[in-house]
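Tertiary structure, described
The residues making up each chain are set out below.
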Amino acid sequence: MPGRPARLPAAARQKSQAAARSFVLSYFAAYNEAIKNPNKAQLIGYGSGRCAACYSHGGKIEVLLQNKWHGKSDFLDLSELKVTQTGDSSVVVQGIGHELPARIADKRGRTVLVGPDSRRHYRFTLSWTHDRWFLDAIKTSATI
């Protein structure tokens, strides 16, 4: 997704481990907001062309838009984020994702879907390109 993230915090704009963690948190803050107020523009600039999960997230927002649905709450909460691998221009950030029992509502506010309430391990691969971070991959594994 081309462009720069619209609301990328200053803490996520540096080539450091702390900035990489902040970048991941910023992406999911934008994703949660895009669920509540469907708008794919919220996610522009976070994913590289290699991030299949980023495209999947955009697809979920598209379904909400097509059906005139919206989320009533956050979808995901991240905790225990830590950098586990570093390279010259890449890092791996891992943590726990709590997939919240988010409610999806129709245009009248009636609940049409309820998300899972589960915890999973998340692994984010980021690359530093053109003086900024990009998400290359988001992988989940084993419910906790």
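To start, this report covers the structure provided alongside it. (Residues numbered from 1 in each chain as written. Predicted model: local features only at pLDDT ≥ 70, side-chain atom pairs only at ≥ 80, totals over all residues. Heavy atoms only, no water.)

1. Examining the environment of leucine 64
Position of leucine 64 among the secondary structure elements: in helix 2 (residues 52–67). Note on leucine 64: relative accessible area 6%, which makes it buried. Here the alpha-carbon distance between leucine 64 and asparagine 39, two residues 25 residues apart in the chain, equals 9.1 Å. (Helix = DSSP H or I, 4+ residues; strand = E, 2+ residues; numbered from the N terminus. Buried < 20%, exposed > 50% of the residue type's maximum accessible area, 1.4 Å probe, protein only.)

2. Quick notes on the side chain of aspartate 136
Relative to the helices and strands, aspartate 136 resides in strand 7 (residues 132–143). What makes aspartate 136 buried here is its relative accessible area of 12%.

3. Focus on the environment of threonine 129
Considering the arrangement of structural elements, one finds threonine 129 in strand 6 (residues 118–129). Look at threonine 129 and you get partly exposed, because its relative accessible area is 29%. Distance in space between the C-alpha atoms of threonine 129 and glycine 95 is 23 Å, their sequence separation being 34 residues.

4. A closer look at the state of the cysteines
Tallied over the entire structure, the rule returns 1 disulfide. Cysteine 51 shares a disulfide with cysteine 54; S-S distance 2.2 Å. Negative torsions about the S-S bond denote left-handed disulfides, and the value of about 70° found for cysteine 51 with cysteine 54 makes this one right-handed. With a relative accessible area of 0%, cysteine 51 lands in the buried category. We classify cysteine 54 as buried; its relative accessible area is 1%. (Disulfide = S-S within 2.5 Å.)

5. Structural notes on the pattern of salt bridges
Tallied over the full model, the rule gives 5 salt bridges. Among the salt bridges present, the one from lysine 36 reaches aspartate 74, with a minimum N-O distance of 2.8 Å. Of the two residues, lysine 36 is situated in helix 1 (residues 17–36) and aspartate 74 in the loop between strand 1 (70–71) and strand 2 (76–86); the sequence distance between them amounts to 38 residues. Classification of lysine 36 as partly exposed rests on a relative accessible area of 27%. For the salt bridge of arginine 120 with glutamate 99, the shortest nitrogen-to-oxygen distance reads 3.9 Å. Residue arginine 120 is located in strand 6, and its partner glutamate 99 is located in strand 3 (residues 90–99); the two are separated by 21 residues in the primary sequence. A residue is classified by how much of its surface remains accessible, and glutamate 99, at 12% relative accessible area, is buried. (Salt bridge = Lys/Arg side-chain N within 4 Å of Asp/Glu carboxyl O.)

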